[in-house]
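Notes for the structure review
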Amino acid sequence: MTIVAESIILPERRSTAGRLSDFFWRHPHVLLAILLGPPLLWLGLVYLGSLFALLLQSFFSIDEFSGLINYEFTLATYRQLLTDANLDIILRTVTMAALVTLVSAVIAFPIAYYAARYARGKWKALFYLAVMLPLWSSYLVKVYAWKLILAKEGILTWFFEKLNLLWLLDAWLALPLVGGNSLSVSYTGTFIVFVYVWMPFMILPIQAALERVPQNLIEASSDLGGTPAQTFRYVLFPLALPGIVAGSIFTFSLTLGDYIIPQIVGSSRLFIGQAVYAQQGTAGNIPLAAAFTVVPIVIMGAYLWMAKRMGAFDAL
Amino acid sequence: MTTAVLFDNVSRYFGAVRAVDRVNLKIAEGEFFAMLGPSGSGKTTCLRLMAGFEQPTGGHIEIFGETAEGVPPYRRSVNTVFQDYALFPHLSILENVAYGLMVKGIGREERRKAAEDALAMVKLPGYGTRRPGQLSGGQRQRVALARALVNKPKVLLLDEPLGALDLKLREQMQEELKSLQRSLGITFVFVTHDQGEALSMADRVAVFNEGRIQQLGSPEEVYNRPKTRFVADFVGSSNVLSADLCRKLGLKASFASLRPEAVAIAPPSDGALSLSGTVASQSFLGATNRVVIDVEGARIAVASPAARGVPPIGSPVTLSFAPSDLHPMEDA
Ligand SMILES: Nc1ncnc2c1ncn2[C@@H]1O[C@H](COP(=O)(O)OP(=O)(O)O)[C@@H](O)[C@H]1O
Ligand SMILES: [Mg+2]
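Residues numbered from 1 in each chain as written. Chains lettered and ligands numbered in written order. Predicted model: local features only at pLDDT ≥ 70, side-chain atom pairs only at ≥ 80, totals over all residues. Heavy atoms only, no water.

Attention now goes to the overall build of chain A. Of the regular secondary structure elements, chain A holds 15 helices and 2 strands. Its C-alpha radius of gyration of 26 Å places chain A more than 25% over the 20 Å reference for a compact globule of 316 residues. Seen through its C-alpha atoms, chain A measures out along the principal axes to roughly 90 × 60 × 40 Å. Per-residue burial for chain A yields a buried fraction of 37% across its 316 residues. Across chain A, every contact between residues at least 6 apart in sequence was considered, and the portion connecting residues at least 24 apart equals 68%. Accessible surface, chain A: about 19100 Å² in total, of which carbon and sulfur atoms supply 72%. Here chain A contributes 19 positively and 16 negatively charged side chains, and the mean placements of these two sets differ by 7 Å. (Helix = DSSP H or I, 4+ residues; strand = E, 2+ residues; numbered from the N terminus. Rg over C-alpha atoms; globule rule 2.2 N^0.38 Å. Buried < 20%, exposed > 50% of the residue type's maximum accessible area, 1.4 Å probe, protein only. Contact = heavy atoms within 4.5 Å. Areas by Shrake-Rupley, 256 points an atom, 1.4 Å probe, with all protein chains shown as cover. Lys, Arg positive; Asp, Glu negative; His and termini not counted. Charge placed at Lys NZ, Arg CZ, Asp CG, Glu CD.)

Below is the structure:
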C-alpha cells in the first residue's frame, strides 16, 4: 500500500530491457518493422524472386544440339509444352487433382462437421490426434505402405477374397483407364493414396470454418421453416465454403505438384510433377521444366479467381 | 378463446439442472405474454420448448391444440426473434427477410415484395441490399423482427429482443412492438429480465425463478399483490415485512408486501396503519426520492415525491399506509 502511495507514475526502468520495452511502446511501428522485416525480405527476395526467375526461364529455350540454354526471349518452350504428349500429362494431372479434391471434400465434410458440432473434450482431442497423426509419420513410409496394401498380394486383395468380393475388384481392374494389373499400378491406386495423404489438409480448414458458424444460425434457418437439407444448402454450406475452398487449394495444388506418389503407386504414365523432375534432371531442359511449373500456377490463379467470383469468400 | 400455447406440467432437465420444472401455462391467442425472471431462471428454455429446439423431459406441450412433442421447428408455425438476432451474415437484408418464404418455395418476385413490405413495416425501407454487418444493433433487431413476421406466424417468440439496445431506443421499440402486436393480432411470447418492460408491455406476466413459475397474472396483480417473497423482491422491489412487523400491525400472515410508493412519510390519517423509525439513507431518483427507513432493524423503502423534501438522515419519522396496501404472502 505504502509503495503505491509514494508516486502515481512509476519511475522509468533503467535496465536495457526496460528501456527497450518503453521505446517499443512509444514506437509500435518500429517493433512491427523489426518483427516483420526479415520474413518479408525472405518472402520477397528469396521466395518470390526465385519464382520470378523460374517464370523467366520458361521464356528461354534449349538448343537442341548443344543442350545449352539459349537466353533469348521466345515462346518456343510454350509451343513445346502444348504438344499432344505434354497436354496429355497436363490433362491427366488436372483431372486427377480435381477428382482428388472433390472426393476429399465429400469425405472430409462429415468428419469435420462432426468434429466442429458434436465432438467435445476428449473426443475432440481424439479427432485432432486421428487427423494429425498421419502427418507425423514420413510421407514416403505412408506411400510405400499403401503400395503394399494395394499390391496384388496385398491385404486389400485378401480382404476382398475373404468377403467373396474378388470379382468386384477384378471387374474394376478390368475397366479401361482406371483399371490395371493391380490397384498398386492403376490410376485408382494413385487416386486412393492421394486422397489419403492430403485428407488432413481438407478436414482441418473445413472444421475451422464450421466451428465459426454459430449454432443459432442453424436454429434460425430451421425456425424459419428450412428443412435440414435446406439449412445445409443455404446456410451451412455457404458459410463453410471458404473452408472448403481453402482445403481444396491445398489438395488441388499438392496433387498438381506431387511427383512421388504417382511414381511409386500407379501406372507408369507421367504427371506434371514427374515431368518437371524429368525435364530439369535427366533431360536437362530447364525451360520446359519451368513452363510445366507455370501450369499449376495459372490453374490455381484461375481457380481462385473463379471461387471469388462465385462468392466463396463473401462470408469471410 | 383459443389457446395458442399450452404447457401441462412441462419439465426440461439438463442432467441435474432443472432448467424448467413442472411449468403450467396457457397462453391465449392474440395475447401479449411476458416471461419475466432473473438470468438462468429458465425463460429461454421455455421459449426453446415452444420453438421446438428443445424437447421436454416430462409433461405435454400443445400449440393451437396440436401436440408439439417430436415436431421439428421447421414444421411449427412459430417464429423466433433471437436474443442476438442470428441474421445470416452471407445474405443481404432482403434475402434474410425473405428466407422463410424462399425455403417454402414462394416465387422470387412475390417474396421480394413481401420482404420489402415487412422491411417497411419495421421502418427500414430501402435497406434490402445491405448486409447485416453494415447495420446498427437497433436496425438488426428490426430486421430480425421483419424476418420472423414476414412468415405470418401464429405465435411470435421474442427472447430479450431489446436487451442489447440503449435506453432511448429500447423505450421506442417497446412502444412499436406493442402497437405492432395490437395491429397484427399475433400472439407474442416475450422474454425479459426487465420488470418494467414486462409490466408495461404485457397483457399477462409469468414470473420465473429457478425453472418454476412463481406467479402468473396481470401486470397489476403481479406488481401490487406479489404472491411470494421472490416476486415481491424481483418485481419492482417491494418491501417485505417480517412476521414480527406483521404481528405488530395485527396481520395473521407470516410475510406481507408493501410497495414503496404506497407508504407516506406522514402521521397516519383515519384508519391508516403506521410504523415509526429513523431515516437510514436517501437517494434522488428524479421524480421521487428513495428514502430507506430503519424500523426496529428492518428496512422499509419509501418512494417519496421529490417535491416533498426529505428529512435528514438519522431523524425520527412516522410512516403511514392504508391497510389495503399491505398484501399477505405465501412463503419466504
Ligand atoms: N443446453 C444446456 N445444457 C445445460 N444446461 C443448460 C442448457 N440450456 C440451459 N441450461 C441451464 O438451464 C438454466 C436455465 O437457463 P435459461 O433457460 O437459458 O435461463 P434464462 O433464459 O432465464 O436466463 C440455467 O441454469 C442454464 O445454465
Ligand atoms: Mg435467456
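Once the structure has been displayed, the description carries forward.
This part takes up the domain arrangement of chain B. Residues and elements named next belong to chain B. What the domain assignment lists for chain B is domain 1 (3-233) and domain 2 (253-329). When each unit is reduced to the centre of its C-alpha atoms, the spacing between domain 1 and domain 2 is 38 Å. Contacts between domain 1 and domain 2 engage 8 residues on the former and 7 residues on the latter. For the domain 1 face of the interface with domain 2, the top three residues by lost area are Tyr 223, Pro 226 and Arg 229, together amounting to 58%. Scanning the region where domain 1 abuts domain 2 turns up 0 salt bridges. Our count for the contact surface shared by domain 1 and domain 2 stands at 3 residue pairs in polar contact (both at pLDDT 80 or more). Only α7 (219-224) and α8 (229-234) provide two or more residues apiece to the side of domain 1 that touches domain 2. In terms of residue class, the side of domain 1 that touches domain 2 is built from 3 nonpolar, 2 polar and 3 charged. (Domains from an automatic or database assignment. Buried area = accessible area lost by both parts, 1.4 Å probe. Salt bridge = Lys/Arg side-chain N within 4 Å of Asp/Glu carboxyl O. Polar contact = N/O pair within 3.5 Å; in protein donor to acceptor, adjacent residues only side chain to side chain. Nonpolar A, V, L, I, M, F, W, Y, C, P; charged D, E, K, R; others polar.)

Before going further, it helps to spend a moment on the site of ligand 1. All names here are of chain B. Around ligand 1, the structure places Phe 14, Val 17, Ala 19, Pro 38, Ser 39, Gly 40, Ser 41, Gly 42, Lys 43, Thr 44 and Thr 45. In the model, an oxygen atom of ligand 1 is placed 3.1 Å from a nitrogen or oxygen of the Ser 41 main chain. Thr 44 places a side-chain nitrogen or oxygen 2.6 Å from an oxygen atom of ligand 1. Considered on its own, ligand 1 offers 560 Å² of accessible surface; in the complex 60% of this is hidden by protein. (Near = heavy atom within 4 Å.)

So, on to the nonpolar core. By size, the foremost hydrophobic cluster in this structure holds 77 residues, and its most contacted members are Phe 7, Met 35, Met 50 and Val 189 of chain B. Broken down by element, the residue count for this core peaks at 11 residues, all from helix α10 (residues 187-211) of chain A. Apart from residues lying up to four places away in sequence, Met 50 of chain B is in contact with Val 5, Phe 7, Leu 25, Ile 27, Met 35, Ile 63, Arg 76, Val 78, Leu 157 and Val 189 of chain B. In terms of nonpolar packing, the next biggest core, distinct from the first, is built from 44 residues, Val 81, Leu 94, Phe 190 and Val 235 of chain B among them. (Core = buried A, V, L, I, M, F, W, Y, C linked by side-chain atoms within 4.5 Å.)

Turning next to the interface of chain B and chain A. Contact residues are listed per partner, giving 24 residues for chain B and 20 residues for chain A. Carbon and sulfur atoms supply 60% of the area that chain B and chain A bury against each other, a total of about 1800 Å² over both sides. Ranking the residues of chain B by area buried against chain A places Tyr 74, His 90 and Tyr 99 of chain B at the top, with a combined share of 33%. Put simply, chain B and chain A have 1 salt bridge between them. Of the charged contacts, one joins Arg 48 of chain B and Glu 219 of chain A as a salt bridge, the two residues approaching to 2.8 Å between their closest N and O atoms. Our enumeration of links across chain B and chain A arrives at 9 residue pairs in polar contact (both at pLDDT 80 or more). Mapped by element, the contributors of at least two residues to the side of chain B that touches chain A are α1 (43-51), β6 (78-81), α2 (93-103) and α4 (137-149) of chain B. With 4 residues, the top contributor of residues to the side of chain B that touches chain A is α2 of chain B. A class-by-class count of the residues in the side of chain B that touches chain A yields 14 nonpolar, 5 polar and 5 charged.

To continue, consider the sheet that holds strand β18 (residues 327-329) of chain B. Residues and elements named next belong to chain B. Reading across the sheet, the 3 strands line up as β11-β12-β18 and stay open at both edges, with antiparallel pairing between neighbours. Of all strands in the sheet, those bounded by a partner on one side alone are β11 (239-241) and β18. Averaged over all neighbouring strand pairs, the angle between strand axes comes to 35°, with direction disregarded. As judged from the 3 bridges shared by β11 and strand β12 (residues 255-258), these two strands associate in the antiparallel manner. Its bridge partner lying in β12, Val 240 is registered against Ser 257. (Pairing = 2+ DSSP bridges. Axes fitted to C-alpha atoms, helices over the stretch in contact; angles between N-to-C directions.)

For the structure shown, the criterion picks out 23 aromatic pairs over all chains. The interplanar angle of 15° and the centroid separation of 6.2 Å between the aromatic rings of Tyr 139 of chain A and Trp 198 of chain A together place this pair among those described as stacked. Of this pair, Tyr 139 of chain A sits in helix α7 (residues 139-150) while Trp 198 of chain A sits in helix α10, placing them 59 residues apart in sequence. An aromatic cluster is built from Tyr 139, Phe 194, Trp 198, Phe 201 and Phe 250 of chain A, whose rings are joined through pairwise contacts. Directly above the aromatic system of Phe 88 of chain B lies the positively charged group of Arg 147 of chain B, at a separation of 4.9 Å from the ring centroid. (Phe/Tyr/Trp six-rings, centres within 6.5 Å; stacked < 30°, edge-to-face > 60°. Lys NZ or Arg CZ within 6 Å of the ring centre and 35° of its normal.)

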